Every structure is written in structure tokens, then in C-alpha cells.
Amino acid sequence: PVHGELLLYEIAPNGQLRRSHSLAIANLPQVHDFATTDRHLVFLLSPLFLRPERLQLGLSFAQSCEWCPSEGMRVLIVDKNDWSLRWHEAPPGCLFHIASAWEDATGIIRLHYMRSPDPRPLLAGWSVMRGAYAHSEGARLTFMEIDPMQTAVRQSVVADLEGEFPIVGDVQTRGRYPRIVTIERSAERAIDVPGYDAVVALDVEGGTSDRYAYGGDWLAEEHLLVTTTSDRVAHWIVGTALDLQAK
């Protein structure tokens, strides 16, 4: 974001670089994640803009960012064949992670991501670096639909849970996915304790969910959906959790 340049790389299965491309993007925010469909790359650009001149004055990365909600969230669609661009608009919001995306025959792209309406959860997380933490309500799983014939996207909150690290099975990447796994912060978790304490599997179509709670004294980290070598169906949720009371 310092130079307003978004760099794209295509890597072959053997690890070799096939091609690369540079996009000049004005007011480019920090891009932590993106999604891919069969035909397109999807970037959700929050209006949390880095001001390089603040960095040059010696301010931290967080202090060098400016929240500009009037700019809204920009949705950038990049054609994987020719690198051509298409822009859409969404209400202002911040994000770290996108679960996945898929595209139907009409070109409509659907995706799920963890959205917060402003950067306060992000700043609260960074405060851990100073040895202090006061929780600010975090991201919610959000569904977005991007119609190539419409400038504005449609989006809605899917589940009333505060979480992060949404994932789908690797065999569902770029295709329609039946469920999403995410870690969750319980409502009972102490406000001076950072992080998450449960893992949740959500049925995308039916809206039902299964949950495993580690407990308030645990810190759950990113989990994965693991497939078997025989049928390539994700049967296991695997992840780590830190016992905060252990010495």
C-alpha cells in the first residue's frame, strides 16, 4: 500500500512462476486476503487508507492509517485471463479474511467474509502489542453477492456470531461450498482476554450450526477442514488451542 501497487502472481502446480502483473490502485489499503473463482480474482478494499507521510514521521503502521467511511468499500474484480478490472461498491467495512467465493453461469459472484463495520476490532487487537487489551466487538460472517450488471453489491449478516478465520474444504475452493468452519468468541468471554474460544461449523444452505467450546480459559487458533486421501471429502476439523492457565 505504500506505493499504491497491487502485485499479482500466478504460480504453476510445480511452484514455477507463470506470470505476474502490477495494478496501480489509488488509496490502496492493506490487503490481507482475497478470493478466487474459476474466472476472476476478488478483492475487498476497505476504506482504511495508509498515509505514507505518517510512516515517514516515525508513526506506527496503525497510527499511519486513516479511516474514511465516506469512501465506502471498493470491490475489485480482476479477470484472470487478461487482468482487466471491474469495480463495485459496498458499504464501508473492514476485514481480514474471506472464506471463499464462487461464480455461476451468469457471472454472479457469491462469497462469505468476516466483516466489521469499522476498524475498532483491528485496533483493539493491535493493542495487545502494548501489553493491554480491551475488547471491541469484532467481525461477523457476512454474505456478499456481486452482480456484474449492478454497481452496488448485496450483502447480509449470515450468523450472529463474532468470529474469524472462515474456511471451506480445499476441494470446494472456487466452487460452491456447503459449509463454513470458523472460530468464535463466546459472549461470556472476559473483555480483557483477547481471542476466541470455540469452533463452529455452519451449514451454508440450511443455516444450522454445530459448535465445540474450548472454554473461557482457552485461546482457539485457526482451524482447517481436512480431507481424506480416498474420497476428498472433508471429514475432520483440525486446529490448535492454547490453554491460558497452563504454565
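Heads up: the structure comes first, above all this text.
Because the structure is a prediction, the values reported are computed rather than measured.

1. Describing the overall build of the protein
- When helices and strands are tallied, the protein shows two helices and 17 strands.
- A compact globule built from 247 residues would reach a C-alpha radius of gyration of about 18 Å, and the protein, at 19 Å, matches this within 12%.
- Taken across its 247 residues, the protein has 42% of its residues classed as buried.
- Here the contacts in the protein between residues at least 6 apart in sequence split such that 52% fall between residues at least 24 apart.
- Accessible area for the protein stands at about 13,500 Å²; split by element, carbon and sulfur atoms hold 53% of it.
- For the protein, the distance from the average position of its 22 positive side-chain charges to the average position of its 32 negative side-chain charges is 3 Å.

2. Concerning the sheet that holds strand β4 (residues 40-45)
- Spatially, the four strands line up as an open sheet ordered β3-β4-β7-β8, and their pairing is antiparallel. The sheet is open, and its two borders are formed by β3 (35-36) and β8 (85-90), each paired with just one other strand.
- Of the strand pairs in this sheet, β4 and strand β7 (residues 73-79) are connected by six bridges, and their pairing is antiparallel. Across the sheet, the residue bridging to histidine 40 is aspartate 79, located in β7.

3. Regarding the nonpolar core
- Judged by nonpolar contacts, the single largest core of 16 residues is most densely connected at Val42, Leu44, Val75, Leu111, Tyr113, Met144 and Ile146.
- Every element with two or more residues in this core is listed here: β4, β7, β9 (94-103), β10 (109-116) and β11 (140-146).
- In this structure, methionine 144 is in contact with Leu44, Val75, Ala90, Ile109, Arg110, Leu111, Tyr113, Val153, Arg154 and Gln155, ignoring residues within four places of it in sequence.
- Core analysis: the next-biggest nonpolar cluster, separate from the first, contains 12 residues, Ala99, Trp102, Leu141 and Val168 among them.

4. Describing unusual backbone geometry
- A positive phi angle, close to 65°, is found at tryptophan 83, a residue other than glycine.
- With respect to the element layout, tryptophan 83 can be found in the loop between β7 and β8.
- Take tryptophan 83: its relative accessible area is 14%, and that puts it in the buried class.
- The backbone of phenylalanine 165 sits at a positive phi, close to 55°, despite the residue not being glycine.
- For phenylalanine 165, the location among the structural elements is in strand β12 (residues 154-167).
- Overall, phenylalanine 165 belongs to the partly exposed group, its relative accessible area being 23%.

5. Thoughts on the pattern of salt bridges
- Inspection of every chain in the model, using the stated rule, returns 14 salt bridges.
- With a closest N to O distance of 3.1 Å, glutamate 205 and arginine 176 form a salt bridge. Taken together, the positions of glutamate 205 in the loop between β14 (198-203) and β15 (209-213) and arginine 176 in the loop between β12 and β13 (179-185) put the pair 29 residues apart, joining distant regions of the chain.
- Taking the relative accessible area as the measure of exposure, arginine 176 reaches 52% and is therefore exposed.
- In this structure, glutamate 184 and arginine 211 form a salt bridge, with 2.5 Å as the shortest nitrogen-oxygen distance. With a gap of 27 residues between them, glutamate 184 in strand β13 and arginine 211 in strand β15 connect regions that are remote in the sequence.
- Assessed through its relative accessible area of 10%, glutamate 184 is described here as buried.
- What makes arginine 211 partly exposed here is its relative accessible area of 45%.

Rules used in this analysis
- Residues numbered from 1 in each chain as written.
- Predicted model: local features only at pLDDT ≥ 70, side-chain atom pairs only at ≥ 80, totals over all residues.
- Heavy atoms only, no water.
- Helix = DSSP H or I, 4+ residues; strand = E, 2+ residues; numbered from the N terminus.
- Rg over C-alpha atoms; globule rule 2.2 N^0.38 Å.
- Buried < 20%, exposed > 50% of the residue type's maximum accessible area, 1.4 Å probe, protein only.
- Contact = heavy atoms within 4.5 Å.
- Areas by Shrake-Rupley, 256 points an atom, 1.4 Å probe, with all protein chains shown as cover.
- Lys, Arg positive; Asp, Glu negative; His and termini not counted.
- Charge placed at Lys NZ, Arg CZ, Asp CG, Glu CD.
- Pairing = 2+ DSSP bridges.
- Core = buried A, V, L, I, M, F, W, Y, C linked by side-chain atoms within 4.5 Å.
- Salt bridge = Lys/Arg side-chain N within 4 Å of Asp/Glu carboxyl O.

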